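# A structural walkthrough
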Amino acid sequence: MRSFRVVTAAALLAAAAGCATPPSESAPAAAPATTRATPEPSPTPTPTPEPDLPSPGERIPKDPAKLAAALEETTAALAEAIGGWDKKQAPPADVELLALYHQRIYRFAARNPDIAEKAFARLPRRLASEARGNTHAIRELLALAHPVKSASVIRTRDARPAAELLRYFKQAERRFGVEWEVLAAVMFAETKFGRVRSASHVGAQGPMQFMPATWKAYGMGGDVQDHRDSVMAAANYLRATGAPRDYQRALHAYNPSQRYVNAIQAHARQIKRDPVNYYVYYNWQVYVITTKGERRVTGPSED
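Owing to the predicted nature of the structure, the values given are computational and were not obtained by experimental measurement.

This brings us to the overall build of the chain. The number of helices and strands found in the chain is 11 helices and two strands. Scanning the chain from its N terminus toward the C terminus, one meets helices and strands in the order α-α-α-α-α-α-α-α-α-α-α-β-β. Counting over 303 residues, the chain shows a buried share of 43%. The long-range fraction of contacts in the chain, counting pairs at least 24 apart against all pairs at least 6 apart in sequence, stands at 68%.

Take a look at the structure:
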């Protein structure tokens, strides 16, 4: 992994110089001068190295044992970095880089099930369960992807602060009774928390991807591109179609695919199990599936 180090400027302390007053001619002979110790300059502070961080293109291990170690170490480091992040602000570099590597490990695992299962078998039980859940959800969503000719057709923007979006999810839960974790999982799957600004291939719009007719019926007069309005409308629609009594039915109405329903419920379960996973998913980036392969279009530069 590439190392990111803290550079500390050294402060130099200067010794104060005293002014000597010449003795009067009538004064007695001066006593021998007393030697005073000159203060030693403070030593230059030793920079404290930060943990090594993965580069945006860090290699993903293909050996199961090394893959398991990379996932376990990255998951722990990411949770620690998230703990030190002010969620009202944009994520710092350590959170972004660790989350990207975390996401890339899971995307590799989703496409390489044999290696992934051998790796997951080496993990602690709780992390192994989380890894299988994440990988299953990614596979389900990848199966629904509609390749485009070029990633340039996908317009993106920065996500709103994680704390702001969480406030909207919880407001919607209080008003409509739809669990905030489900709403977060929907926005994550649909637009990576609003990073995708383009309409879908069928014309769905906004952070929660509404078709125009559905928005007219459930948008409550709001703006489909507004994050709060979009979350409220999604909760309104899910409540009208069965939630919270029957999330299977409600999510199938939202997107009539069992794979979609499976993925949303898997991600929602992960957030319920550990709310830190909301912030992990928030920092996963947008990948576009093209006819020539996949391309990441948000997040840290490869340079």
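Attention now goes to the pattern of salt bridges. Inspection of the entire model under this criterion finds seven salt bridges. Across the salt bridge formed by Arg-132 and Glu-117, the nearest N and O atoms sit 2.7 Å from each other. Of this pair, Arg-132 sits in helix 4 (residues 125–144) while Glu-117 sits in helix 3 (residues 113–120), and the two are 15 residues apart along the sequence. Take Arg-132: its relative accessible area is 36%, and that puts it in the partly exposed class. Between Glu-164 and Arg-160 there is a salt bridge; the shortest N-O distance is 3.0 Å. We classify Arg-160 as partly exposed; its relative accessible area is 38%.

Another aspect to go through is the nonpolar core. Residues Phe-120, Phe-169, Leu-183, Phe-193, Phe-210, Tyr-254 and Tyr-278 are the most contacted members of the largest nonpolar core, which totals 73 residues. The dominant element in this core, judged by the number of residues it contributes, is helix 2 (residues 93–111), at 10 residues. Ignoring anything within four residues of it in the chain, the contact list for Phe-210 reads Gly-203, Ala-204, Gln-205, Trp-215, Val-224, Ser-230, Ala-233, Ala-234, Tyr-237 and Tyr-254.

Let us now look at the packing of aromatic side chains. This model, assessed by the stated rule, comprises 17 aromatic pairs. Taken together, a centroid distance of 5.9 Å and an interplanar angle of 35° make the contact between Phe-188 and Phe-193 tilted. Residues Phe-188 and Phe-193 agree in their burial class; the two are buried. One aromatic cluster in this structure is built from Trp-85, Tyr-106, Phe-169, Trp-180, Phe-188, Phe-193, Tyr-278, Tyr-279, Tyr-281, Tyr-282 and Trp-284.

Our focus in this paragraph is the confidence of the model for the chain. Scored by pLDDT, the chain comes out at a mean of 87, with 83% of its residues at no less than 70. Contacts of residues 1–38 to residues separated by more than four positions or lying in other chains number 28 contacts, the stretch itself having pLDDT below 50.

This part covers the side chain of Arg-157. By secondary structure assignment, the location of Arg-157 is in the loop between helix 4 and helix 5 (162–176). No salt bridge forms around the buried Arg-157; measuring N to O, its nearest opposite-charge neighbour Asp-223 is 8.2 Å away. A distance of 3.0 Å separates a polar side-chain atom of Arg-157 from the backbone oxygen of Gly-194.

At a minimum axis separation of 8 Å, helix 8 (residues 227–240) and helix 9 (residues 247–254) run at an interaxial angle of 125°. Judged by the angle between their axes, helix 8 and helix 9 are oblique. Remark: the crossing between helix 8 and helix 9 carries right-handed chirality. Residues Ala-234, Tyr-237 and Leu-238 of helix 8 lie in contact with helix 9, whose contacting residues are Ala-250, Leu-251, Ala-253 and Tyr-254. Across the contact of helix 8 with helix 9, the residue classes break down as seven nonpolar, no polar and no charged.

Keep in mind that most residues, glycine aside, have a negative phi and that most peptide bonds are trans. Each neighbour pair has its own omega, and for Ala-243 with Pro-244 the value is 0°, a cis peptide bond. Mapped onto the elements, Pro-244 comes out in the loop between helix 8 and helix 9. Of note, Lys-192 is a non-glycine position whose phi angle comes to about 50°, a positive value. As for its position among the elements, Lys-192 is in the loop between helix 6 (180–191) and helix 7 (212–218).

With that out of the way, let us pick up the pairing of strand 2 (residues 293–296). Across four bridges, the pairing between strand 1 (residues 287–290) and strand 2 is antiparallel. Along strand 2, the bridge assignment pairs Tyr-287 with Arg-296. The hairpin turn running from strand 1 into strand 2, its antiparallel successor, is two residues long.

Parameters at a glance
- Residues numbered from 1 in each chain as written.
- Predicted model: local features only at pLDDT ≥ 70, side-chain atom pairs only at ≥ 80, totals over all residues.
- Heavy atoms only, no water.
- Helix = DSSP H or I, 4+ residues; strand = E, 2+ residues; numbered from the N terminus.
- Buried < 20%, exposed > 50% of the residue type's maximum accessible area, 1.4 Å probe, protein only.
- Contact = heavy atoms within 4.5 Å.
- Salt bridge = Lys/Arg side-chain N within 4 Å of Asp/Glu carboxyl O.
- Core = buried A, V, L, I, M, F, W, Y, C linked by side-chain atoms within 4.5 Å.
- Phe/Tyr/Trp six-rings, centres within 6.5 Å; stacked < 30°, edge-to-face > 60°.
- pLDDT = per-residue confidence, 0-100.
- Lys, Arg positive; Asp, Glu negative; His and termini not counted.
- Polar contact = N/O pair within 3.5 Å; in protein donor to acceptor, adjacent residues only side chain to side chain.
- Axes fitted to C-alpha atoms, helices over the stretch in contact; angles between N-to-C directions.
- Parallel < 35°, antiparallel > 145°, perpendicular 65-115°, else oblique.
- Left-handed = near helix turned anticlockwise from the far one by under 90°.
- Nonpolar A, V, L, I, M, F, W, Y, C, P; charged D, E, K, R; others polar.
- Pairing = 2+ DSSP bridges.

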